[in-house]
Amino acid sequence: MRGRIVRTVAKWVFYLAIAGTVAGMYVMANPEAFTPIPSTRDEALVGDWYVQRYGSFRHYVFRSDGTGEIWNPGRETRKFRWGTQDRRLRMKYQTGNGWTAPEFDMQVDSESDEVELKPRGSGPYMVLQREAPESAVLK
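These remarks concern the structure in this document. Model, not experiment: these values are computed from the prediction. (Residues numbered from 1 in each chain as written. Predicted model: local features only at pLDDT ≥ 70, side-chain atom pairs only at ≥ 80, totals over all residues. Heavy atoms only, no water.)

Focus on the overall build of the protein chain
Of the regular secondary structure elements, the protein chain holds 1 helix and 9 strands. Ordered by position from the N terminus, the helices and strands of the protein chain form the series α-β-β-β-β-β-β-β-β-β. Each of the 139 residues in the protein chain was classed as buried or not, and the buried ones make up 32%. On the protein chain, roughly 9,400 Å² of surface is accessible, and the fraction owed to carbon and sulfur atoms is 54%. (Helix = DSSP H or I, 4+ residues; strand = E, 2+ residues; numbered from the N terminus. Buried < 20%, exposed > 50% of the residue type's maximum accessible area, 1.4 Å probe, protein only. Areas by Shrake-Rupley, 256 points an atom, 1.4 Å probe, with all protein chains shown as cover.)

This is the structure in structure tokens:
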């Protein structure tokens, strides 16, 4: 009876070690999947924004609940989560290479309806504009 308990405990320790190893490998491969998003949101960002990039555009939709979407011509819509804190924007979304969670210093210009986003590490420099660029307008 005692040998049976020892084998059962050893088996569960082995299974937990395998599960821990797999989870650890996932965390090492996708550390940004576990990056926290601030729970506060700057209301100035809520709504539709456009970015002119590489002769095309991206359409960002920031919702007040902290979710959003990136629309890109010819590509599948990408969903993201976002939050702001201390004039910084953090976004988190999944790409073909795993998760990414860029952080930006944010400067809102309410007169010109623009938001300048300077990356803090990875991520592109962007200027979000409320007005759709000409490449986004159907003719």
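Now that the structure has been shown, the text picks up again.
Quick look at the packing of aromatic side chains
With the rule as written, the count across this model stands at 7 aromatic pairs. When the centroid spacing of 6.3 Å and the interplanar angle of 50° are considered together, the rings of Tyr50 and Phe57 count as tilted. Neither Tyr50 nor Phe57 differs from the other in exposure class; each is buried. Put simply, the rings of Tyr60, Phe62, Phe80 and Trp82 touch in pairs and so form one group of aromatic residues. (Phe/Tyr/Trp six-rings, centres within 6.5 Å; stacked < 30°, edge-to-face > 60°.)

Concerning the pattern of salt bridges
All told, the structure shown has 7 salt bridges when counted by the stated rule. For the salt bridge of Arg90 with Glu103, the shortest nitrogen-to-oxygen distance reads 3.5 Å. Placement of the pair is Arg90 in strand 5 (residues 88–95) and Glu103 in strand 7 (residues 103–109), with a sequence separation of 13 residues. Each of Arg88, Arg90, Glu103, Asp105 and Arg120 takes part in salt bridges that share partners, so that together they form one network. (Salt bridge = Lys/Arg side-chain N within 4 Å of Asp/Glu carboxyl O.)

Digging into a nonpolar patch on the surface
A contiguous nonpolar surface patch, about 550 Å² in accessible area, is contributed by Trp12, Phe14, Tyr15, Ile18 and Val22. Inspection of the secondary structure assignment puts Ile18 in helix 1 (residues 2–29). Judged by relative accessible area, Ile18 falls into the partly exposed class, the value being 41%. (Patch = residues over 30% accessible without salt bridge, like charges linked within 9 Å, V, L, I, M, F, W, Y side chains within 5 Å.)

Observations concerning the nonpolar core
Tyr60, Phe62, Leu89, Met91 and Leu128 are the most contacted members of the largest nonpolar core, which totals 17 residues. For this core, the secondary-structure elements that each account for two or more residues are strand 1 (47–53), strand 2 (56–62), strand 4 (78–85), strand 5, strand 7, strand 8 (114–119) and strand 9 (126–129). If you tally residues by element for this core, the top one is strand 5, at 3 residues. When residues no more than four places from it in sequence are discounted, the contact partners of Leu128 are Leu45, Trp49, Tyr50, Val51, Tyr60, Phe62, Asp113, Glu114, Val115 and Leu117. (Core = buried A, V, L, I, M, F, W, Y, C linked by side-chain atoms within 4.5 Å. Contact = heavy atoms within 4.5 Å.)

Re the environment of Met126
Within the element layout of this structure, Met126 appears in strand 9. Look at Met126 and you get buried, because its relative accessible area is 3%. C-alpha of Met126 to C-alpha of Val51: the two residues are 75 residues apart in sequence and 6.8 Å apart in space. In contact with Met126, other than residues within four places in its own chain, are Val51, Tyr60, Phe104, Val115, Glu116 and Leu117.

Comments concerning the pairing of strand 4
Here strand 3 (residues 67–71) pairs with strand 4 via 4 bridges, running antiparallel. Bridging from a neighbouring strand, Gly68 pairs with Phe80 of strand 4. In sequence, strand 3 turns back onto strand 4 through a hairpin of 6 residues, with Gly74 there showing a positive phi of about 80°. Strand direction decides the pairing type here: strand 4 and strand 5, joined by 6 bridges, are antiparallel. Across the sheet, Gln85 pairs through a bridge with Arg88, a residue of strand 5. (Pairing = 2+ DSSP bridges.)

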